[in-house]
Amino acid sequence: MPSQNDLRSIDEIPLPYQSIFSQYPCFNVVQSAVLDQALNTDTSFVVSAPTGSGKTAIFELAIVRHLVAGEASLNALDNKIIYISPIKALCQERLVDWHKKLSCFGVNCISVTSDNDEVDPRALLQYNIIISTPEKWDVLTRRWKENNKLIDAVSLFLIDEVHLLNADSRGSTLEVIVSRMKTARGSYLFNGNAKGIRFIALSATIPNIEDIAEWMGQSEPAKYFQFSEEVRPVKLNKIVLGYNFNPQVQSVFKFDMSLSYKISGLISKHSEGKPTLIFCNTRKSVEMTANHLVKNLQIRLSQEQKEILMKISQNIADVKLRQNIVHGIAFHHAGLIPNTRHTIEESFKTGQIPVLVTTSTLAMGVNLPAHLVIVKCTKCYSDGGYKDYDEVSIFQMIGRAGRSQFDTSATVLILTSLQDKIKYEQMLSCSQIIESNLHKHLTEHLNAEVVLRTITDLEVAMRWLSSTFLYVRARKSPEKYKLPAGLSKDKIDKKLLEMCQIDLNKLVATGMIRMNQAIEVTPTVIGEIMAKYYVAFETMKLFTQITGSEILIQILAIISKCKEFSDFYLRTTDKRCLNLLNKNTKKEAIRFPLTGRIKSNDMKVNVIIQAVLGNLDIQNQGLVCDSMKIMRCCERLANCLIEYLETRDKCYSALSNTITLAKCFRVKLWENSPYVSKQLTGVGQVISTLLMKAGKTSFKEITSTNPRHIEMASICSYLV
């Protein structure tokens, strides 16, 4: 590793590409150590280094190598770069940054995430750099044989935050797309293009980087570089504080609230009067913590600061937030309208707001650095219960600590229970091994590979499995994957094969695949539909239980129960609004009221869908944000169900009602809705309601109306 005296100069970069690195006086320790590998070779490698150590420049060095090689190539446009990041906000950030830096070299970039519902892979051929999330690239490559021109053009595959492998659900997706890219380009199964793909993966500091390098390699392990916290530009003081928590007599919610009383003292002790960022596990905890700090934390504000905060508060619609801001304390979560969130983000970033309390989701998006970061309680609510934050979430949160342009040091405080104190100390010391999670989601991924014909029998399934990170880790720590310890490698392989067979049998039992006596597997139409629409195994299993006679209300109830909505949960603060939407004697309610009170997640999803289709006013801003995500998924699920029902006989009622529902999802209105004008660009809930009240309930009536009358309706909407 180079010392501070051996830092490499920007002048070593070929002209004219030095402009890409113009913001650096020279390369830092990490960048200097990796420079030759990134810039002067075509081999794959992995880098493990602390957050904030300038890892993005390593990708850019590899891109320069790619561009220089492309200058001498007759088919420069055929060599594509794929950048994978788990966070949509980071994808957008890369798009903006790389467009600014690389467009002058004729490089075209595009970001493809879940926000892009329909993407034609052929349209991507005109771009040099494709920026994507693991899930979207999984969707695009599940039919790679039909889009082999795109796959064949990939020569550089960049993976950011590769420690995402440790994430419970998303890690398996990252794992399979890398294995699929290896498979698709001249691996053991196909005699394709002999030219391999160069993989470069960057990670936070982890202990078993050599395992990832072994997995990333093809004929031999990839190179790897491992850096300690010592290279971090802003030194980070990491402290884990444990407090008494007895789950037998105390709920997680009450424990979280008890931690509020610790916060003000910790801020006074560690903040040094500099910006403080506090992460909480729920929106309610965010607001309660902020309110508690307003009453108990004394922030010395100059007259000028008070005037600035008063001015900021005047642009905030939320009453509670407006009252907090004047005290120098703000809160931020998805329940706030976008303009308010943006105002808070910018005000904290510029140092105008001293203390910001937010949900952990902020760490996965906007980069808001702080001198002091506090993670208040390490348990988050998910899938109907509390669970520990995963390593990716923790590292994203602590990654906000340290303002390189202002600080030489920063502090992170993790507040947890005494029982979990050692666990998080090990995590922060980067001693927690990265494990695979593919075995937990093997069913869906096996089906996708069978549909691709990557897997044709058990022997081939085992060869595919040997290309995964699961295979690398299972051989080293079999007990982590519920395999007996002390087995030989051959016996571990046999156990992994049995694991594959169990999941393949599940797919056979539900009609997703066929298996003959020779244990050769082929996809069924149902399995192909499941892979095409990227639905969960449990969702497809639910669809197969449909009798065919279901009416619209029953189809809606089935879609509301889909596994895809398991990430949502019923908050206590949601119930009042949902129950009013469900049944309301004073206002219009949903079309098909549910029996009783809203008490489950699928009931919440059902009410939200009906509220959107009924053009009802959803007063709870958090539910409005949930509705956007829910409706984005609904059309895909309905289209999947339509295609499945078309394969079955005598399902006319269910098919007809699903088609109707899919149309409703597309336009976000019921099929007989009087709010038809809402389908027009620029027409929202208010104007469509005014037009409906004016009797303009069809496009024929709207087009035959004097434009002045429509203009008057628009003016009325602003007055309202």
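Up top is the structure these notes are about.
Summarised in this report is the structure supplied together with it. This structure is a prediction, so every number in the text was calculated from the model and none was measured.

Before going further, it helps to spend a moment on the sheet that holds strand S7 (residues 223-226). One open sheet holds the seven strands; their spatial order is S3-S4-S2-S5-S6-S1-S7, and the pairing between them is parallel. One side of each edge strand has no neighbouring strand; the edge strands of this open sheet are strand S3 (109-112) and S7. Direction aside, the axes of adjacent strands within the sheet are offset by 15° on average. Taken together, the four bridges between strand S5 (residues 154-159) and strand S6 (residues 198-203) define a ladder with parallel strand orientation. For Ile159, the partnering residue across the bridge sits in S6 and is Ala201. The sheet contacts of helix H4 (residues 134-141) involve strand S2 (80-84), S3, strand S4 (129-132) and S5, and relative to S4 the element is tilted by about 120°.

In total, this model carries 34 salt bridges according to the counting rule given. Between Asp256 and Lys376 there is a salt bridge, and its shortest N-O distance comes to 3.3 Å. Within this pair, whereas Asp256 is found in helix H8 (residues 252-270), its partner Lys376 is found in strand S12 (residues 372-376), the two being separated by 120 residues in sequence. Its relative accessible area of 0% is what places Lys376 among the buried residues.

Our focus in this paragraph is the side chain of Ser155. For Ser155, the location among the structural elements is in strand S5. A residue is classified by how much of its surface remains accessible, and Ser155, at 10% relative accessible area, is buried. Here His66 takes part through its side chain, which lies 3.5 Å from a polar atom of the side chain of Ser155.

For the rest of this paragraph, the subject is the pairing of strand S11 (residues 355-359). Burial within S11 is extensive, with five of its five residues counted as buried. Across the two faces of S11 the burial is the same, with Val355, Val357 and Thr359 and Leu356 and Thr358 all buried. Bridge count for strand S9 (residues 276-280) against S11 is five bridges, and the pairing is parallel. Along S11, the bridge assignment pairs Leu277 with Leu356. Pairing between strand S10 (residues 329-332) and S11: four bridges, direction parallel.

By definition, a disulfide links the sulfur atoms of two cysteine residues through a covalent bond. Evaluated as defined, the whole model comprises zero disulfides. Cysteine Cys380 is unpaired, with the sulfur of Cys377 as its nearest cysteine sulfur at 9.0 Å. Considering cysteine sulfurs only, Cys640 is the nearest to Cys651, which forms no disulfide, with 14 Å between them.

This next bit is on the packing of aromatic side chains. Summed over the entire model, instances satisfying the criterion amount to 12 aromatic pairs. Aromatic pair Phe21 and Phe27: ring centres 5.3 Å apart, planes at 70°, arrangement edge-to-face. With a centroid separation of 5.7 Å and an interplanar angle of 85°, the aromatic rings of Phe592 and Trp670 are classed as edge-to-face. You can see Phe592 sitting in the loop between helix H22 (575-582) and helix H23 (601-613) and its partner Trp670 sitting in the loop between helix H25 (652-667) and helix H26 (685-693), a full 78 residues away along the chain. Taken individually, Phe592 and Trp670 each receive the classification buried, so the pair is uniform in this respect. An aromatic cluster of at least three residues, connected via ring pairs, comprises Phe21, Tyr24 and Phe27. Directly above the aromatic system of Trp98 lies the positively charged group of Arg94, at a separation of 5.2 Å from the ring centroid. The aromatic ring of Trp670 is capped on one face by Arg591, whose charged end is 4.6 Å from the ring centroid.

For the rest of this paragraph, the subject is the pairing of S9. Across a regular strand the side chains alternate sides, sitting on one face of the sheet and then on the other. In terms of burial, S9 is largely enclosed, as five of its five residues are buried. Burial of S9 is two-sided: the residues Thr276, Ile278 and Cys280 facing one way and the residues Leu277 and Phe279 facing the other way are all buried. In the sheet, S9 pairs with S12 via four bridges, with the strands oriented parallel. When the sheet's bridge partners are listed, Phe279 is paired in S12 with Val375.

Relative to the assigned elements, Leu39 resides in helix H1 (residues 29-40). On the accessibility criterion, Leu39 (7% relative accessible area) is buried. It is 9.2 Å that separates the C-alpha atoms of Leu39 and Glu60, two residues lying 21 residues apart in sequence.

We now examine the side chain of Gln610. For Gln610, the location among the structural elements is in helix H23. Owing to a relative accessible area of 1%, Gln610 belongs among the buried residues under this scheme. Among the polar contacts made by the side chain of Gln610, one reaches the main-chain amide nitrogen of Phe592 at a distance of 2.7 Å. Beyond its immediate chain neighbours, meaning those up to four positions away, Gln610 contacts Leu556, Ile590, Arg591, Phe592, Leu594 and Trp670.

With that out of the way, let us pick up helix H10 (residues 303-313). By the burial criterion, the buried members of H10 are Leu309, Ile312 and Ser313. The buried residues of H10 occupy one face: seen down the axis, they fall within an arc of 95°. Facing away from the buried side of H10 by over 90 degrees, the exposed positions are Gln303, Glu304, Glu307 and Lys311. Where H10 is buried, its residues contact helix H11 (319-325) and helix H12 (338-349).

Turning our eyes to something else, we now look at the nonpolar core. Counting 116 residues, the largest nonpolar core has Trp137, Phe157, Ile212, Met216, Met540 and Phe565 as its most contacted members. For Phe565, the residues in contact, after removing those within four places along its chain, are Ile559, Ser560, Asn601, Val605, Ile630, Cys633, Cys634 and Leu637. With 59 residues, the next largest nonpolar core counts Leu236, Ile278, Leu301 and Leu336 among its residues.

This part takes up the sheet that holds S9. Spatially, the six strands line up as an open sheet ordered S8-S15-S12-S9-S11-S10, and their pairing is parallel. With partners counted over all chains shown, the strands left at the sheet margins are strand S8 (235-243) and S10, one partner each. Neighbour-to-neighbour, the strand axes of this sheet turn through a mean angle of 15°, independent of strand direction. Packing against the sheet, H8 makes contact with S8, S9, S11, S12 and strand S15 (409-417), and its axis sits at approximately 165° to S12.

In contact at an axis separation of 10 Å, H23 and helix H24 (residues 621-645) are set at 90° when each is read in the N-to-C sense. If you check the angle between H23 and H24, you find them roughly perpendicular. In this structure, H23 uses Lys604, Val605, Ile608, Ile609, Val612 and Leu613 to contact H24, whose residues at the interface are Leu623, Asp626, Ser627, Ile630, Met631 and Cys634. Classifying every residue of the contact of H23 with H24 gives nine nonpolar, one polar and two charged.

This paragraph deals with unusual backbone geometry. If a residue is not glycine, its phi is most likely negative; likewise, a peptide bond is most likely trans. For the bond from Leu15 to Pro16, the omega torsion is 5°, close enough to zero to count as cis. Checked against the element boundaries, Pro16 lands in the segment before H1. Unlike most non-glycine residues, Glu272 shows phi in positive territory, near 55°. Considering the arrangement of structural elements, one finds Glu272 in the loop between H8 and S9. Using a relative accessible area of 55% as the deciding quantity, one classes Glu272 as exposed. Despite not being glycine, Lys482 has its phi angle at roughly 60°, a positive value. Note on placement: Lys482 falls in the loop between helix H17 (469-476) and helix H18 (489-509). Here Lys482 falls in the exposed class, since its relative accessible area comes to 81%.

Cut-offs used in this document
Residues numbered from 1 in each chain as written. Predicted model: local features only at pLDDT ≥ 70, side-chain atom pairs only at ≥ 80, totals over all residues. Heavy atoms only, no water. Pairing = 2+ DSSP bridges. Helix = DSSP H or I, 4+ residues; strand = E, 2+ residues; numbered from the N terminus. Axes fitted to C-alpha atoms, helices over the stretch in contact; angles between N-to-C directions. Contact = heavy atoms within 4.5 Å. Salt bridge = Lys/Arg side-chain N within 4 Å of Asp/Glu carboxyl O. Buried < 20%, exposed > 50% of the residue type's maximum accessible area, 1.4 Å probe, protein only. Polar contact = N/O pair within 3.5 Å; in protein donor to acceptor, adjacent residues only side chain to side chain. Disulfide = S-S within 2.5 Å. Phe/Tyr/Trp six-rings, centres within 6.5 Å; stacked < 30°, edge-to-face > 60°. Lys NZ or Arg CZ within 6 Å of the ring centre and 35° of its normal. Arc of directions from axis to C-beta. Core = buried A, V, L, I, M, F, W, Y, C linked by side-chain atoms within 4.5 Å. Parallel < 35°, antiparallel > 145°, perpendicular 65-115°, else oblique. Nonpolar A, V, L, I, M, F, W, Y, C, P; charged D, E, K, R; others polar.

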